[in-house]
Amino acid sequence: MQAKQITEPSRQTPLWGEYEVVVLGGGPAGLAAALAAARAGRSTIIIERYGFFGGAGTAAGLSTFCGLHAVVHGKHEQVVHGIADDVLARLAAMDGLNKPHLTVQNQITALSYDISAFKIAADDLMADARVEVLFHAFGTGVAMADERRIDAVFVETKSGRFAVRGKVFVDGSGDGDLAAWAGVPYDVGDGSGNMLYPSTMFRINGVNPDRAGRAWEIIPGLMEAAEKQGRRFPRKKPIVRPQRNPIEWRANLTQIKNPNGTAVSGIDARELSYGEVEGRRQCWDVFQFIKESTPGFEEAYIVEIAPQIGIRETRRIHGEYTLTDQDILGCRDFADTIGIQGWPVEAHIKGDVKFVFTPPSARGFNEIPYRIIVPQKIDNLLVAGRCASMSHEGQSSARVSGPCFIMGQAAGTAADLALGMGVAPRAIDVAKLQQRLRAAGANLGPSAR
Ligand SMILES: Cc1cc2nc3c(=O)[nH]c(=O)nc-3n(C[C@H](O)[C@H](O)[C@H](O)COP(=O)(O)OP(=O)(O)OC[C@H]3O[C@@H](n4cnc5c(N)ncnc54)[C@H](O)[C@@H]3O)c2cc1C
């Protein structure tokens, strides 16, 4: 059925400003892109719909960096460096960073942080790099200079609608919004319409740390036993872990489905509206179970349900190369590497989470090729983060924060090189990009020239 439509009157849209680099979205990818471009001396603006940075890390309440570490030949080590180190250093200086912990049945390392500290650390990094920040601005579309070049991105703000003009654009929206508006081809889901399921995260306070101990090890068993008695949970493999101050715990154990069982889509306004309500309903339901069944949680309460449902996957653009799970599990090298990552394939499937690691005999990490952030069809755009050019299964691994920092830093640096050389990002000298990334502290892996 055709939706009813009305015709909007045409209008003149004021220009907010003109910049060398325009970044849409302030998650790990967008913020690293803006910092890299501005540190290279480019006039840079970052546009973010919320009033803070961090993306899913703050807005969806993750409070954990995954993918900064890998198990390299059996040894746990941090493999992502560069701007990620600057973020970690700021968090540590604010006493907002937990010690690294083992997760996923003790198979890999992650780092949890205080959400408010991450917001402030990102503000400070942006101010130091002189990035212009435009908060509370929702990107809604593009004006094209011609069929291969974006001229400006439109934003809706409390002061009205504006156009933000740029020479090079970076899509850090997570959803590939900018790329889609500009006409970059993309995929959604696994080819049969199945996306990774979202989760609504929440944090619990008032836990008695002595009594709770290592409760994360017993909660899955408590859930299994309750299921045998007929209790139902949204999914298996709960992650319920202490924050830096162990009276506070984070909980990741919801799974947000439509009434027909499919994953709620992060690019469908009706499903998102339904999913927010359903997410909070599930948070309350699973919290009640934890409080009633877990020693140390008797006096606990929900201190916060994340401001928004956590979306793992929507659009994945078609780029110059598509990173697959074979590349990840085969620890593949690429001549155009921009960094390395070793997070397992983490598939949030119906009712469960499936992890697939590289074989124990393998090296434990893959290189990320520059080409996955270079979209087809558009010449002045880079697409970094969870919407980069990856297969459904490849994205199930390389969507986490570590690789997103890598892609963002490479995108901002490549934008600077493209402007300096007067070429499209796809035509830059990749060896120069690698030299610049390495000089900025990045760990590119064995193939870098
Ligand atoms: C429930 C859940 C748990 C997860 N757990 C972890 C974990 O523990 N550790 C981990 O490392 N990763 C985890 N992930 C993966 C996480 O999504 C990625 O690590 C990462 O946040 C993706 O980064 P990004 O920068 O590509 O996009 P996002 O983090 O999604 O950031 C995109 C940003 O763009 C903004 N934006 C989007 N569209 C617009 C627009 N049109 N206009 C203006 N602004 C816009 C958003 O507000 C947001 O700030 C989890 C994901 C989910 C959903």
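First, a word on what this report is: a plain description of the structure on this page. Every value quoted in this text rests on a predicted model; they were computed, and no experiment measured them.

**Section: the overall build of the protein**
For step 1, the next point in the chain: Helices and strands together make up the secondary structure of the protein, namely twelve helices and 22 strands.
For step 2, the next point in the chain: Taking 2.2 N^0.38 as the reference for a compact globule, 449 residues should give roughly 22 Å; the C-alpha atoms of the protein span a radius of gyration of 21 Å, in line with that estimate.
For step 3, the next point in the chain: Taking the principal axes of the C-alpha coordinates as reference, the protein spans close to 65 × 55 × 45 Å.
For step 4, the next point in the chain: Taken across its 449 residues, the protein has 57% of its residues classed as buried.
For step 5, the next point in the chain: A separation threshold of at least 6 residues defines the contact pool for the protein, and within that pool the share at least 24 residues apart is 72%.
For step 6, the next point in the chain: Summed over all atoms, the accessible surface of the protein reaches about 18400 Å², with 50% contributed by carbon and sulfur.
For step 7, the next point in the chain: The positive charge centre, built from 49 side chains, and the negative charge centre, built from 49, are 1 Å apart in the protein.

**Here's the deal with the state of the cysteines**
For step 1, the next point in the chain: Counted by the stated rule, this structure contains zero disulfides.
For step 2, the next point in the chain: Left unpaired, Cys-283 is separated from the closest cysteine sulfur, that of Cys-66, by 18 Å.
For step 3, the next point in the chain: Sulfur of Cys-387: no disulfide; nearest cysteine sulfur belongs to Cys-404 and is 8.3 Å away.
For step 4, the next point in the chain: Taking the relative accessible area as the measure of exposure, Cys-387 reaches 0% and is therefore buried.

**Side note on the side chain of Asn-380**
For step 1, the next point in the chain: With respect to the helices, strands and loops of the structure, Asn-380 is situated in the loop between strand S21 (366-369) and strand S22 (381-383).
For step 2, the next point in the chain: Within the local environment of Asn-380, its side chain forms a polar contact with the backbone oxygen of Ile-150, the two atoms lying 2.8 Å apart.
For step 3, the next point in the chain: A distance of 3.1 Å separates a polar side-chain atom of Asn-380 from the backbone oxygen of Lys-167.
For step 4, the next point in the chain: Beyond its immediate sequence surroundings of up to four residues, Asn-380 is in contact with Arg-148, Arg-149, Ile-150, Lys-167, Val-168, Phe-169 and Pro-425.

**Quick notes on the pairing of strand S10 (residues 149-157)**
For step 1, the next point in the chain: Pairing between strand S9 (residues 138-146) and S10: seven bridges, direction antiparallel. Looking at the pairing, Asp-146 lines up with Arg-149 of S10.
For step 2, the next point in the chain: If you look at the hairpin formed by S9 and S10, you'll find two residues sitting between the two strands.
For step 3, the next point in the chain: Note that S10 and strand S11 (residues 160-171) share six bridges and pair antiparallel. In the sheet register, Val-153 faces S11, and the bridge partner there is Val-164.

**Looking at the pattern of salt bridges**
Close approach of charged atoms allows side chains with opposite charge to pair.
For step 1, the next point in the chain: Scanning the entire structure with this criterion turns up 32 salt bridges.
For step 2, the next point in the chain: The partner of Glu-20 in a salt bridge is Arg-42, with the nearest N and O atoms 2.9 Å apart. With Glu-20 in strand S1 (residues 15-24) and Arg-42 in the loop between helix H1 (28-39) and strand S2 (44-47), the pair connects residues that are 22 residues apart, well separated along the chain. Each member of the pair, Glu-20 as well as Arg-42, carries the same accessibility label: buried.
For step 3, the next point in the chain: Note that Asp-416 is salt-bridged to Arg-436, the shortest N-O span being 2.7 Å. With a gap of 20 residues between them, Asp-416 in helix H11 (residues 401-421) and Arg-436 in helix H12 (residues 430-439) connect regions that are remote in the sequence.
For step 4, the next point in the chain: In this structure Asp-416 comes out as buried when scored by relative accessible area, which is 9%.
For step 5, the next point in the chain: Relative accessible area serves as the criterion here: at 32%, Arg-436 is assigned to the partly exposed category.
For step 6, the next point in the chain: Among the ionic contacts, a cluster of salt bridges with common partners joins Glu-20, Arg-42, Asp-416 and Arg-436.

**A few points about the nonpolar core**
For step 1, the next point in the chain: Judged by nonpolar contacts, the single largest core of 72 residues is most densely connected at Phe-65, Tyr-370 and Ile-373.
For step 2, the next point in the chain: Per element, the largest residue contribution to this core is ten residues, and it comes from H11.
For step 3, the next point in the chain: Setting aside residues no more than four positions away along its own chain, Phe-65 makes contact with Val-87, Leu-88, Leu-91, Ala-110, Leu-111, Tyr-113, Phe-118, Ser-401 and Phe-405.
For step 4, the next point in the chain: Counting residues in hydrophobic clusters, the runner-up holds 23 residues, among them Val-142, Val-153, Val-155 and Val-383.

**Remarks on the site of the ligand**
For step 1, the next point in the chain: Around the ligand, 34 residues are found, and the nearest of them are Glu-48, Arg-49, Thr-64, Cys-66 and Ser-401.
For step 2, the next point in the chain: For the ligand, an oxygen atom lies 2.8 Å from a polar atom in the backbone of Cys-66.
For step 3, the next point in the chain: Here Ser-401 contributes a side-chain N or O atom positioned 2.6 Å from an oxygen atom of the ligand.
For step 4, the next point in the chain: For the ligand, whose unbound accessible area comes to 980 Å², protein coverage reaches 96%.
For step 5, the next point in the chain: Put simply, the parts of the chain that give the shell around the ligand at least two residues each are H1, strand S3 (64-65), S9 and H11.
For step 6, the next point in the chain: A class-by-class count of the residues in the shell around the ligand yields 14 nonpolar, 14 polar and six charged.

**Focus: the pairing of strand S18 (residues 337-341)**
For step 1, the next point in the chain: Of all five residues in S18, five are buried, a share of seventy percent or more.
For step 2, the next point in the chain: Pairing between S18 and S21: four bridges, direction antiparallel. Counted as the bridge partner of Gly-339 is Ile-368 from S21.

**A word on the sheet that holds strand S7 (residues 108-112)**
For step 1, the next point in the chain: Spatially, the three strands line up as an open sheet ordered S3-S7-S6, and their pairing is antiparallel. The open sheet has two free edges, formed respectively by S3 and strand S6 (101-103), since each of these has just one partner strand.
For step 2, the next point in the chain: For S6 and S7, the ladder comprises three bridges, and the chain directions are antiparallel. Paired with His-101 across the bridge in S7 is Ala-110.

**So, the packing of helix H7 (residues 219-228) against helix H8 (residues 269-293)**
The packing of two helices is summarised by the inter-axis angle and the distance between the axes.
For step 1, the next point in the chain: Taken N-terminus to C-terminus, the directions of H7 and H8 make an angle of 105°; their axes are 11 Å apart at the nearest point. For the element pair H7 / H8, the angle class is roughly perpendicular. Contact residues: Ile-219, Leu-222, Met-223 and Ala-226 in H7; Phe-289, Ile-290 and Ser-293 in H8.
For step 2, the next point in the chain: Counted by class, the contact of H7 with H8 contains six nonpolar, one polar and no charged residues.

Calculation criteria
In this convention, every chain numbers its residues from 1, walking through the sequence in written order. Local features in this predicted model are restricted to residues whose pLDDT is 70 or higher, and side-chain atom pairs enter the listing and the counts only when it is 80 or higher, whereas totals over whole chains, interfaces and linings include all residues. No hydrogens and no water enter the side-chain calculation; it runs on all heavy atoms of the structure. In this description a helix means any DSSP run of H or I spanning at least four residues, a strand means any run of E spanning at least two, and both kinds are numbered starting from the N terminus. C-alpha atoms define the radius of gyration, and 2.2 Å times the number of residues to the power 0.38 defines the globule rule. Buried, partly exposed and exposed residues are distinguished by accessible area as a fraction of the type maximum, computed with a 1.4 Å probe on protein chains only: under 20%, between the cut-offs, and over 50%, respectively. Note on contacts: a residue pair is in contact if any heavy atoms of the two residues lie within 4.5 Å. Each accessible area is a Shrake-Rupley result for a 1.4 Å probe, and residues are judged covered by the shown protein chains and nothing else. Under this rule, positive means Lys or Arg and negative means Asp or Glu; His and the chain ends count for nothing. Charge positions come from single atoms, namely NZ of Lys, CZ of Arg, CG of Asp or CD of Glu. The disulfide criterion used throughout: a pair of cysteine sulfur atoms within 2.5 Å. Polar contacts, as counted here, are pairs of nitrogen or oxygen atoms within 3.5 Å of one another; within protein the pair requires one atom able to donate a hydrogen and one able to accept it, and residues that are adjacent in sequence qualify only if both atoms are side-chain atoms. By definition, two strands form a pair when at least two bridges between them are found by DSSP. The salt bridge criterion pairs a side-chain nitrogen of Lys or Arg with a carboxyl oxygen of Asp or Glu, the two atoms within 4 Å. Put simply, buried Ala, Val, Leu, Ile, Met, Phe, Trp, Tyr and Cys residues joined by side-chain atoms within 4.5 Å make one nonpolar core. For each residue, the test is whether any non-hydrogen atom lies within 4 Å of the molecule or strand; if one does, the residue is near. Nonpolar residues are Ala, Val, Leu, Ile, Met, Phe, Trp, Tyr, Cys and Pro. Charged residues are Asp, Glu, Lys and Arg, and all others, Gly as well, are polar. In this analysis an axis means a line fitted to C-alpha atoms, helices contributing only their contacting stretch, and an angle means the value between N-to-C directions, from 0 to 180 degrees. Here roughly perpendicular refers to angles of 65 to 115 degrees, roughly parallel to angles under 35, roughly antiparallel to angles over 145, and oblique to all remaining angles.

The values reported here are purely geometric and, on their own, carry no functional implication.
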